[in-house]
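# Residue-level structural notes
What follows is each chain in one-letter form.
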Amino acid sequence: MKLIAALMVAISLSQPHMGRGLRKMYAEHLLHESQRYQVDPFLVAAIIHHESRWTAGVIGGEKGQCIGLGQHCLSSLSICRDINSAGCQTEKARLLDPLWNITRTFQHLRKWKAYCRHKTGRSLEHHILQGYQGFGTMTRVCGQHQVHGQWVDVLLPKMTRD
């Protein structure tokens, strides 16, 4: 119960006019999915704060292709290679459902966590966040690069530090 209360406070700091019932529903869903996907619920709450300020129906990003609480960009989803396909339009509609969008955020972070662990042997929050934000190059993986065969952290981008 304390975690749910703390998550409700975190949400209310971002969206103070949100009703208690909705905050509680989101907090319970965050806690449930955090246990399911083994990702910190406060990390997801912080991402959603940054991406949408807990505004469920927000559509943003380049060409209005980033959808909902976690701002999942259609262009990064394999089902949306053809943005006008029925499958892509179905996923867009699903992403407007706030609970599905939260779940999708957990799924995305869990994939990055596994990828970072596989590639570099480390998967701390600041490593997986850089994947979520789309930072990566041929020489940079999960916020790290190799120096003499060892993975070393690189300077975090400003948006990750903030």
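Right above here is the structure, for reference.
Below or above, wherever it landed, is the structure these notes cover. (Residues numbered from 1 in each chain as written. Predicted model: local features only at pLDDT ≥ 70, side-chain atom pairs only at ≥ 80, totals over all residues. Heavy atoms only, no water.)

## Observations regarding the sheet that holds strand β3 (residues 72-73)
Spatially, β1-β2-β3 is the arrangement adopted by the three strands of the open sheet, whose pairing is antiparallel. Edge positions in the open sheet fall to β1 (59-60) and β3, since each of these has one partner strand only. The pairing of β1 with strand β2 (residues 66-67) spans two bridges and is classified as antiparallel. Paired with glycine 60 across the two strands is cysteine 66, which belongs to β2. (Pairing = 2+ DSSP bridges. Helix = DSSP H or I, 4+ residues; strand = E, 2+ residues; numbered from the N terminus.)

## Description of helix α2 (residues 20-37)
Taking 1.5 Å of rise per residue, 18 residues should cover 26 Å, and α2 covers 25 Å from first to last C-alpha, within 8% of that figure. The inward-facing, buried residues of α2 contact α1 (2-14), α3 (41-52) and α5 (98-120). (Expected span 1.5 Å × (residues − 1). Contact = heavy atoms within 4.5 Å.)

## Let's talk about unusual backbone geometry
The backbone of tryptophan 54 sits at a positive phi, close to 60°, despite the residue not being glycine. Residue placement: tryptophan 54 occurs in the loop between α3 and β1. The buried category is assigned to tryptophan 54, whose relative accessible area is 3%. (Buried < 20%, exposed > 50% of the residue type's maximum accessible area, 1.4 Å probe, protein only.)

## What to know about the packing of aromatic side chains
Following the criterion strictly, the structure yields three aromatic pairs and no others. An angle of 20° between the planes, with centres 6.5 Å apart, marks the rings of tyrosine 37 and phenylalanine 106 as stacked. With tyrosine 37 in helix α2 and phenylalanine 106 in helix α5, this pair connects stretches of sequence that are 69 residues apart. By the burial criterion, tyrosine 37 is buried, and phenylalanine 106 matches it. Centroid distance tryptophan 112 to tyrosine 115: 5.2 Å. Interplanar angle 85°. Geometry classified as edge-to-face. With a gap of three residues between them, tryptophan 112 and tyrosine 115 both fall in helix α5, about one helical turn apart. Judged by relative accessible area, tryptophan 112 falls into the partly exposed class, the value being 23%. With a relative accessible area of 35%, tyrosine 115 lands in the partly exposed category. (Phe/Tyr/Trp six-rings, centres within 6.5 Å; stacked < 30°, edge-to-face > 60°.)

## Examining the pairing of strand β5 (residues 150-153)
As judged from the four bridges shared by strand β4 (residues 144-147) and β5, these two strands associate in the antiparallel manner. Note that in β5 the partner of glutamine 146 across the bridge is tryptophan 151. What sits between the antiparallel neighbours β4 and β5 is a turn of two residues, in which histidine 148 has the positive phi angle 50°.

## What to know about the nonpolar core
Leu30, Trp54 and Ile102 are the most contacted members of the largest nonpolar core, which has 26 residues in total. Those elements that place two or more of their residues in this core are α1, α2, α3, α5 and α6 (125-132). The residues contacting isoleucine 102, other than those within four sequence positions of it, are Tyr26, His29, Leu30, Ile48, Trp54 and Leu69. Core analysis: the second largest hydrophobic core is formed by seven residues, Ile67, Cys80, Cys88 and Trp100 among them. (Core = buried A, V, L, I, M, F, W, Y, C linked by side-chain atoms within 4.5 Å.)

## Regarding the packing of α2 against α5
With their axes 10 Å apart at the nearest point, α2 and α5 run at an angle of 30° to one another. Judged by the inter-axis angle, α2 sits roughly parallel to α5. Relative to α5, α2 is oriented so that their crossing is right-handed. Every residue of α5 that contacts α2 at Met25, Tyr26, His29, Leu30, Glu33, Ser34, Arg36 and Tyr37 is listed here: Pro98, Leu99, Ile102, Thr103, Phe106, Gln107 and Arg110. Tallied by class, the residues present in the contact of α2 with α5 amount to eight nonpolar, four polar and three charged. (Axes fitted to C-alpha atoms, helices over the stretch in contact; angles between N-to-C directions. Parallel < 35°, antiparallel > 145°, perpendicular 65-115°, else oblique. Left-handed = near helix turned anticlockwise from the far one by under 90°. Nonpolar A, V, L, I, M, F, W, Y, C, P; charged D, E, K, R; others polar.)

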